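Remarks on the overall topology
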Amino acid sequence: MNTAPIAPSVVVTGTGLAHPPHTVSNAELVASLAESVRIWNDAHADEIERGEVAARAVPDEEFIVKASGIRSRYVIEKEGVLDPMRMRPLLPRRSEDELGIQAEMSLPAVMDALDQAGRTPADVDAIIVGCSNLQRAYPAVSIELQDALGARGWAYDMNVACSSATFSMQAAVDALRGGSADCVVVVNPEITSGHNNFELRDFHFIFGDACTAVVLERADDAVADERWQVLGTKLATQFSNNIRNDFGFLNSSEDRTGDDRDPHELIFRQRGQQVFKEVSPMVATHIRDHLEALALDPQAIRRFWLHQANLKMNQLIAKSVLGRVPDEDEAPVVLDEFANTSSAGSVIAFHRHRADLAAGDLGVICSFGAGYSVGSVVVRKLQV
Ligand code: CO8
């Protein structure tokens, strides 16, 4: 007789989404970068003439949509991003007494998710903030959020880049199964515009800002009208330098001279083509293996809520898993409106595109990105 204890069933009981009010269209972004490129090339005309530096290339709106599927994005501050002399958000510095910007953007997303779950902040006893860029090392943004909400228990921050949502969901599931928490909120406050390079055409269009939140509880405790049973979680990592951000606490200790002084090294950079080629098969195999381990046929999956980085990449991954090109209904896209919101992307897709599913329907939430990293969460809608 198998006497191993049966792990309690965990359910997702609510999700929330918050994004800044400011949208930036591809046309706006291209116009401001074209002007910035003109100014930069004029300022470096002599070096360009001597062949010491390459002239910067102008962006193209048509390329952006064709290469990525992105049409617009939300940003936390618009004027600074679009100012050709600045090309980065302009955020007023906040004092220690003021709520931090990531905790602030998290609040409406968390309240939205708790509302769906039929919970209040007083019910929450664990918060995991998972995102690509944290505004400081400590105190943790999650602990500041815990304080602002008036929640109990414990909180910590974690960073697995674009995979932070699924990695933190697995941590939440483990905490619920192990009994170290009763009501966990996972939050992904992504302010990608603070670490994006709006001065270079290869990067300027890729990202957008948004925050998502997910409430997870043991199935026996749940009171929500809508519940999604977590059938399994699976994570994987494999080291790569193809997506990299070297911003960190040792920067001021490293004396940088000459080429090393390039501040662009300290913000996001990637080899997009290689990422596309290497990560797409890695993700498809990961999802297939996860479903096989759960004895689920990929054809039985009603919906894939995939990380939103590139439309063609998502179509390729879903095609590789299903053996045919998925339609929008099977693998919904939010990329056109939001661009790549890093860890928030797959949760935005789940948040926006699940109301039509019926009890018993199966779905896969999957995020992937820097590290490399990939995480999948297989869920089934329960009859309540
Ligand atoms: N306008 C005109 N031309 C352009 C532009 C533009 N805006 N951008 C690039 N080009 C040019 C290039 O310079 C290149 O020109 P040339 O041939 O002369 O060198 C040409 O177009 C082709 O460029 P690419 O080969 O780069 O084009 P791709 O077809 O590969 O498309 C993409 C580029 C869209 C970036 C694509 O490669 C892609 O989406 N790849 C997958 C990327 C991905 O999934 N990344 C995950 C990153 S997210 C993450 O995990 C990290 C978290 C980040 C946190 C946020 C911090 C900001």
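1. Comments concerning the overall build of the chain
Along the backbone of the chain there are 11 helices and 13 strands. Taken over the C-alpha trace, the chain has a radius of gyration of 21 Å; the compact-globule value for 384 residues is 21 Å, and the two agree within 12%. In terms of overall dimensions, the chain has a C-alpha envelope of 80 × 55 × 35 Å along the principal axes. Among the 384 residues that make up the chain, the fraction classed as buried is 53%. Counting only contacts in the chain whose residues sit at least 6 apart along the sequence, the fraction spanning at least 24 positions is 79%. Of the accessible surface of the chain, which amounts to about 17500 Å², a share of 50% is contributed by carbon and sulfur atoms.

2. Looking at the state of the cysteines
Scanning the model with the defined rule gives 0 disulfides in all. The thiol sulfur of C183 is not disulfide-bonded, and the nearest other cysteine sulfur, from C211, lies at 16 Å.

3. A word on the nonpolar core
Of all hydrophobic cores here, the largest spans 47 residues; its most connected members are V283, I287, F304, I317, C366 and F368. Going through the elements one at a time, helix 1 (26-43), helix 4 (79-82), helix 8 (272-293), strand 11 (301-306), helix 9 (311-322), strand 12 (362-369) and strand 13 (373-381) are the ones with two or more residues in this core. Take this core: its biggest share by element is 7 residues, from helix 8. Those residues in contact with I287 that lie beyond four places of it in its chain are F304, L306, I317, V321 and C366. Among the nonpolar cores identified, the runner-up in size contains 29 residues, and A171, V214, W228 and A349 belong to it.

4. Looking at the packing of aromatic side chains
Scanning all chains against the criterion turns up 8 aromatic pairs. With a centroid separation of 5.6 Å and 85° between ring planes, the pair formed by F203 and F268 is classed as edge-to-face. Note that F203 is positioned in the loop between strand 6 (183-190) and strand 7 (210-218) and F268 in the loop between strand 9 (243-244) and strand 10 (269-270), a separation of 65 residues in sequence. The exposure classification of F203 matches that of F268, with both residues buried. What makes F268 buried here is its relative accessible area of 12%. Taken together, the ring pairs connect F203, F207 and F268 into an aromatic cluster. Taking the ring centre of W40 as reference, the NZ or CZ of R56 above it sits at 4.2 Å.

5. Description of the site of the ligand
Residues in contact with the ligand amount to 29 residues; listed here are only the nearest, C162, Q270, Q273, N310 and A370. A distance of 2.9 Å is found between a nitrogen atom of the ligand and a backbone nitrogen or oxygen belonging to D60. A distance of 2.8 Å is found between an oxygen atom of the ligand and a side-chain nitrogen or oxygen belonging to N310. Put simply, the parts of the chain that give the shell around the ligand at least two residues each are helix 3 (61-68) and helix 8. The residue makeup of the shell around the ligand, split by class, is 13 nonpolar, 13 polar and 3 charged.

6. Digging into the environment of I128
Mapped onto the elements of the fold, I128 is located in strand 4 (residues 126-130). Put simply, I128 and N251 are 123 residues apart on the chain and 27 Å apart in space, counted from C-alpha to C-alpha. Beyond its immediate sequence surroundings of up to four residues, I128 is in contact with W154, Y156, M158, S168, A171, A172, V184, V185, V186 and V187.

7. Things to note about the packing of helix 1 against helix 3
Viewed as axis vectors pointing N to C, helix 1 and helix 3 meet at an angle of 130°, and their least axial separation amounts to 9 Å. Judged by the inter-axis angle, helix 1 sits oblique to helix 3. Helix-helix and strand crossings are classified by hand; for helix 1 and helix 3 the assignment is right-handed. Residue-level inspection shows N26, A27 and V30 of helix 1 in contact with helix 3, the latter providing E61, I64 and V65.

8. Focus: the sheet that holds strand 1 (residues 10-18)
Pairing is mixed in the open sheet, where 9 strands are placed in the order 5-4-6-7-1-8-13-12-11. Whereas interior strands pair on both sides, the edge strands pair on one side only; in this sheet they are strand 5 (154-158) and strand 11. Going across the sheet, the axis of each strand differs from the next one's by a mean of 25°, ignoring polarity. By the bridge criterion, 5 bridges tie strand 11 to strand 12 in an arrangement that is parallel. When the sheet's bridge partners are listed, F304 is paired in strand 12 with V364.

9. Overview of helix 8
Compared with the 32 Å implied by 1.5 Å per residue over 22 residues, the 31 Å span of helix 8 between its first and last C-alpha is a close match. Maximal helix bending in helix 8 amounts to about 25°, located at V279; proline P281 follows within four positions. In the segment just after helix 8, A295 is the residue with positive phi, at about 60°.

10. Topic: the pairing of strand 6
Both faces of the sheet carry side chains from a regular strand, because those side chains alternate between them. Burial runs high along strand 6: 8 of the 8 residues are buried. Burial of strand 6 is two-sided: the residues C183, V185, V187 and P189 facing one way and the residues V184, V186, N188 and E190 facing the other way are all buried. Alignment of strand 4 against strand 6, held across 4 bridges, turns out to be parallel. Directly across from A126, in strand 6, lies its bridge partner V184. Note: strand 6 against strand 7, 8 bridges, orientation antiparallel.

Cut-offs applied
Residues numbered from 1 in each chain as written. Predicted model: local features only at pLDDT ≥ 70, side-chain atom pairs only at ≥ 80, totals over all residues. Heavy atoms only, no water. Helix = DSSP H or I, 4+ residues; strand = E, 2+ residues; numbered from the N terminus. Rg over C-alpha atoms; globule rule 2.2 N^0.38 Å. Buried < 20%, exposed > 50% of the residue type's maximum accessible area, 1.4 Å probe, protein only. Contact = heavy atoms within 4.5 Å. Areas by Shrake-Rupley, 256 points an atom, 1.4 Å probe, with all protein chains shown as cover. Disulfide = S-S within 2.5 Å. Core = buried A, V, L, I, M, F, W, Y, C linked by side-chain atoms within 4.5 Å. Phe/Tyr/Trp six-rings, centres within 6.5 Å; stacked < 30°, edge-to-face > 60°. Lys NZ or Arg CZ within 6 Å of the ring centre and 35° of its normal. Near = heavy atom within 4 Å. Polar contact = N/O pair within 3.5 Å; in protein donor to acceptor, adjacent residues only side chain to side chain. Nonpolar A, V, L, I, M, F, W, Y, C, P; charged D, E, K, R; others polar. Axes fitted to C-alpha atoms, helices over the stretch in contact; angles between N-to-C directions. Parallel < 35°, antiparallel > 145°, perpendicular 65-115°, else oblique. Left-handed = near helix turned anticlockwise from the far one by under 90°. Pairing = 2+ DSSP bridges. Expected span 1.5 Å × (residues − 1). Bend = angle between axes of the 7 residues up to and from the residue.

Function cannot be read off these values alone, since they describe shape.
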